Amino acid sequence: MSTDFTASEVQAVIRTHTGPVADFQRTARGFSSDVTAIVECEKGPFFIKAIRNRPGGRRDSLTRERQINPFVWPISPALRWHAEDESWIVLGFEAVEGRSSDFGPDSADLSSVVELIDCIGKLQLPPVAEDWPETRWDPFVRDDSEAELLRGDALLHTDINPSNLLVGPVGMWAVDWAWPTRGAAFIDPAILALQLVSAGHSPESAESWASRCTAWRDAEPQAIDAFAAAQLRLYRVALGRKPDQPWLHDMVSAARSWVDHRGVAMD
Ligand SMILES: Nc1ncnc2c1ncn2[C@@H]1O[C@H](COP(=O)(O)OP(=O)(O)OP(=O)(O)O)[C@@H](O)[C@H]1O
Ligand SMILES: [Mg+2]
């Protein structure tokens, strides 16, 4: 059992929900949170996600993740409780047995991955998400009319990547609903397409997987073009800020080949 000070602090905040804790295992992923762990305990087990309670922290993100959970269950594991004191904010989820999915070209997970993204695309937009318009690509589109192509009434996950799609013995989950938004339905399948290219697919192969999603098939091609170009500009800016991050180099070159494949002229 972990005896570090941070873990003990978090355990004190969640104790009424967990009862006595037998084991507190940090997860390998969980870079955006201050602590993520599987907690074996009297009332659990639980997966917990904790952030420090401080101004400018990720409170808004954890609040969104808490508010959206009832509407994305059972695609996401259920949120069982949340706890807060002056130092910590913690979400406690049902713990599931799953591994990160494999997005590679020969992966056996791909059919289930696209099915899951298609299921997300069929969720109703809950009232709580009506005021969460998707705007993060606005600085990276050419003009207002392109920004308009990214608007819509679909509930979006927006962080589709292998470590957020967990493969279990009998099904899959989409975890980490850290910034769900309301936007054009093709955005999640399009994020998947770019992730597939960065995992080694040709753009043709990536798009053929994405095209199993209704929202992709229903999209205007020029909307996907605008999004692909915006992704390239976004990752170029991110790489400019953090040139030492190999994954950002990968995303820029994946976005470049996707944009080239679609024949989108960049300025
Ligand atoms: N309910 C759960 N049960 C078991 N493991 C989980 C559960 N939810 C998430 N995990 C595991 O914990 C990891 C981190 O969770 P999550 O992605 O929500 O945290 P995060 O802080 O936003 O992390 P990151 O920035 O690394 O994506 C996931 O990649 C997954 O492996
Ligand atoms: Mg994650």
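Quick note: structure is the one above.
Read on for an overview of the structure.

Criteria and cut-off values
Sequence order as written defines the numbering, with residues in each chain counted from 1. As they are written, the chains are lettered A onward and the ligands numbered 1 onward, keeping that order. Residues qualify for local features only when their pLDDT is at least 70, as the model is predicted, and side-chain atom pairs are given and counted only at 80 or more; totals for whole chains, interfaces and linings, by contrast, use all residues. In this analysis, residues qualify as near a molecule or strand once their C-beta atom, positioned from backbone atoms, comes within 6 Å of it. Helix and strand definitions follow DSSP, with helices as H or I runs of at least four residues and strands as E runs of at least two, each counted in order from the N terminus. Only when DSSP finds a minimum of two bridges between them are two strands counted as paired. Simply put, an axis is a line fit to the C-alpha atoms, just over the touching stretch for a helix, and the angle between two N-to-C directions goes from 0 to 180 degrees. By convention in this section, buried Ala, Val, Leu, Ile, Met, Phe, Trp, Tyr and Cys residues joined through C-beta atoms within 7 Å make up a nonpolar core. Labels follow a simple rule on C-beta atoms placed from the backbone: if 20 or more others lie within 10 Å of a residue's own, it is buried; if 12 or fewer, it is exposed; otherwise it is partly exposed. In this scheme, roughly parallel covers angles under 35 degrees and roughly antiparallel covers those over 145, while 65 to 115 is roughly perpendicular and the rest are oblique. Helix crossings get a hand from a simple test, with the near helix turned counterclockwise from the far one by less than a right angle marking a left-handed crossing and a clockwise turn marking a right-handed one. Each residue gets a C-beta atom placed from its backbone, and two residues are in contact if those atoms lie within 7 Å. For this classification, Asp, Glu, Lys and Arg are treated as charged, while Ala, Val, Leu, Ile, Met, Phe, Trp, Tyr, Cys and Pro are nonpolar and the rest, including Gly, are polar. Multiplying 1.5 Å by the helix residue count minus one yields the expected span of that helix.

1. Observations concerning the site of ligand 1
Okay, step 1: Surrounding ligand 1, one finds 20 residues, the nearest of these being Arg-29, Ser-32, Ser-33, Phe-47 and Asp-176.
Okay, step 2: Every element with two or more residues in the shell around ligand 1 is listed here: β3 (46–52) and β5 (88–94).

2. Considering the sheet that holds β3
Okay, step 1: Read across the open sheet, the five strands follow the order β1-β2-β3-β5-β4; overall the sheet is antiparallel. Both outer strands of the open sheet, β1 (21–26) and β4 (79–84), are each paired with one neighbouring strand and no more. The mean angle between the axes of side-by-side strands here comes to 25°, regardless of whether they run parallel or antiparallel.
Okay, step 2: Pairing of β4 with β5, which is carried by five bridges, proceeds in the antiparallel orientation.

3. A short note on the nonpolar core
Okay, step 1: Counting residues in each nonpolar core, the largest one holds 56 residues, and the members touching the most others are Phe-186, Ala-190, Ala-193, Phe-227 and Ala-255.
Okay, step 2: By size, the runner-up hydrophobic cluster in this structure holds 20 residues, among which are Val-13, Val-35, Leu-79 and Phe-93.

4. Focus: the packing of helix α5 (residues 187–198) against helix α9 (residues 246–262)
How two helices pack is summed up by the angle between their axes together with the distance between the axes.
Okay, step 1: Where α5 contacts α9, the two axes come as close as 9 Å, and the packing angle between them is 110°. Comparing their axes, α9 and α5 come out roughly perpendicular. Remark: the crossing between α5 and α9 carries right-handed chirality. On α9, the residues that touch Ala-193, Leu-194, Val-197 and Ser-198 of α5 are Asp-250, Met-251, Ala-254, Ala-255, Ser-257 and Trp-258.
Okay, step 2: Within the contact of α5 with α9, the residues separate by chemical class into seven nonpolar, two polar and one charged.

5. Digging into the pairing of β5
Okay, step 1: Where burial is concerned, most of β5 is hidden: six out of the seven residues are buried.
Okay, step 2: Note that β3 and β5 share seven bridges and pair antiparallel. Bridged to Ile-51 within β5 is Ile-89.
Okay, step 3: Following β4, the chain reverses through three residues before pairing antiparallel with β5.

6. Considering the sheet that holds strand β9 (residues 172–174)
Okay, step 1: Across the sheet, which stays open at both edges, the three strands sit in the order β6-β8-β9 with antiparallel pairing between neighbours. Looking at strand neighbours, the two that pair on one side only are β6 (99–100) and β9, the edges of this open sheet.
Okay, step 2: Pairing analysis gives two bridges linking β6 to strand β8 (residues 165–167), with the strands arranged antiparallel. In the sheet register, Arg-99 faces β8, and the bridge partner there is Val-167.
Okay, step 3: Packed on one face of the sheet, helix α3 (residues 110–121) meets β8 and β9 and runs near 50° to β9.

7. Concerning the packing of α3 against α5
Okay, step 1: Orientation of α3 relative to α5, taken along the N-to-C sense of each, is 155°, at an axis distance of 9 Å. It follows that α3 is roughly antiparallel to α5 by the angle criterion. In the packing of α3 onto α5, the handedness of the crossing is right-handed. Contacts from Ile-117, Ile-120 and Gly-121 of α3 reach α5 at Asp-188, Pro-189 and Leu-192.

8. A look at helix α8 (residues 221–241)
Since the α-helix advances by 3.6 residues per turn, residues separated by three or four positions end up pointing in the same direction.
Okay, step 1: Compared with the 30 Å implied by 1.5 Å per residue over 21 residues, the 31 Å span of α8 between its first and last C-alpha is a close match.
Okay, step 2: Of the residues making up α8, those classed as buried are Ile-224, Ala-226, Phe-227, Ala-228, Ala-229, Ala-230, Gln-231, Leu-232 and Tyr-235.
Okay, step 3: Tucked inside the fold, the buried residues of α8 contact α4 (144–149), α5 and α9.

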